[in-house]
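Residue strings, one per chain:
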Amino acid sequence: MFTSQTSSFQDSIDVEERDDFDSEEITGYIQKTQLNSYYTIYLYQGTSLTLIDSSLPSEAEPELRTYISRRLSKGALLGGMGNIATVELSIPEQAVGCYCCLVEQERSPEQPDADGNGYVICFMGGSEKWLNLFRLELDKYVQGLQSSLQTPELLNLESEVRPYLSRWYEESVMHIHRVVQLVQNNISFLLHAALSHTLVEVNNSDERTKTDVSKFIKAASLQGLSQQDTTTASLCKAISEDTQSDLIIDCSTSPPTLSNAVSNRFCDDWSQAFLNAAERCNPFLLRQILENFKLKAIQDMNSLKRLVRQAEMSHYALFRSCRFLQGCGNGDVLLQNARAEHSDMPEACSIITVLEEFLRDQSQAHA
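Quantities reported herein were computed from a predicted structural model and do not represent experimental measurements.

Basis of the calculations
- Residues numbered from 1 in each chain as written.
- Predicted model: local features only at pLDDT ≥ 70, side-chain atom pairs only at ≥ 80, totals over all residues.
- Heavy atoms only, no water.
- Axes fitted to C-alpha atoms, helices over the stretch in contact; angles between N-to-C directions.
- Helix = DSSP H or I, 4+ residues; strand = E, 2+ residues; numbered from the N terminus.
- Parallel < 35°, antiparallel > 145°, perpendicular 65-115°, else oblique.
- Left-handed = near helix turned anticlockwise from the far one by under 90°.
- Contact = heavy atoms within 4.5 Å.
- Nonpolar A, V, L, I, M, F, W, Y, C, P; charged D, E, K, R; others polar.
- Buried < 20%, exposed > 50% of the residue type's maximum accessible area, 1.4 Å probe, protein only.
- Polar contact = N/O pair within 3.5 Å; in protein donor to acceptor, adjacent residues only side chain to side chain.
- Pairing = 2+ DSSP bridges.

A. View of the packing of helix α13 (residues 283-311) against helix α15 (residues 331-341). Two elements in contact, α13 and α15, have axes separated by 10 Å at closest approach and are oriented at 55°. By the criterion of interaxial angle, the relationship of α13 to α15 is oblique. As α13 runs across α15, the sense of the crossing is right-handed. Residues Ala-297, Asp-300, Met-301, Leu-304 and Lys-305 of α13 touch α15, and the partners they reach there are Val-333, Leu-334, Leu-335, Asn-337, Ala-338 and Glu-341. Looking at the contact of α13 with α15 residue by residue, the classes come out as 7 nonpolar, 1 polar and 3 charged.

Right under this line is the structure:
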């Protein structure tokens, strides 16, 4: 049992050996200090696309426009929903990942036939597989531009729209890399805070750093991944009623000083994978590691839930639960989640209390 547990953990960290990333893709990325990224925005009226602005080479933009026109004619672009695919363009990369989103204009009494009209926004860089890792961030980034897309003329193109579009890669992709670079060896404390729903406060920093840390914590948390929707709400309520202190990051020093920092062996083990990927300046590999980190935590949570149910009827299952918590290195987080999820189940809570006492005894014995 414990051999397979260790093996699955190592497989989760060693993402470069898996099919998530092609080794040639990773090697090609490492050789570059900065990935080429591009943007394009079109005005979409009826069935026609009119170029507004693009950072693509002049010979590549018509190729992209042809591709987008085909997608629109097939109904493959839905309003407000990003679509990611591979496109071949006359650029150094030849084939590149392309995120496209149709931003529809709101209908008004003055323009009753405006339904379906709007803007098509495209972000290009890396591969389709890579961009898919940041789909939610890209969707949100496009939403942040909607208030600036008020008129077809876009009089604010140079002052607002163009600067915003040109920053898509830095703002939507590079934030995880910046946070790892910021806190360095302390990344394990942020990982633990995300798993345990600990609030994180950033002091003496600019707004971009605060936003980066907030986005990292959200990306590393298990919110929305638990099998029961009520689990996260119950856990957040339990944490708010607890005496657990917020994690404070003081950026007045370099590297920043952390207060009330808590970690465990699980987060410590994963931190080295993040540091290695950050040294390679590969934000996509970082995101894949982050997703695997969450997946392993979810798998361990489900394993503990099964063991707790079995332990209600079997002393041997209780023993196995103790051994599992001892081996996984994430017992404090798993029990915190289990207690919140089983708060209305007295027998399960009794088992969890015994397991909590076991972990405390183990911690004191090794202190």
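B. Geometry of the side chain of Lys-296. Looking at the element boundaries, Lys-296 is found in helix α13. Overall, the relative accessible area of 4% leaves Lys-296 in the buried class. Among the polar contacts listed, one links the side chain of Lys-296 to the side chain of Asp-300, at a separation of 2.8 Å.

C. Summary view of the sheet that holds strand β2 (residues 48-54). Taking strand neighbours across the sheet as the criterion, the 5 strands line up as β2-β1-β5-β4-β3 in an open arrangement whose pairing is antiparallel. Two strands bound the open sheet, and with one partner strand each, they are β2 and β3 (83-88). Recorded for the sheet is a direction-independent mean angle of 30° between the axes of neighbouring strands. Relative to strand β5 (residues 118-124), strand β1 (residues 38-45) runs antiparallel, the two being bridged by 7 bridges. Its bridge partner lying in β5, Tyr-42 is registered against Val-120. Where helix α3 (residues 61-73) meets the sheet, its contacts fall on β1, β2, β3, β4 (95-104) and β5, and the angle it forms with β2 comes to roughly 140°.

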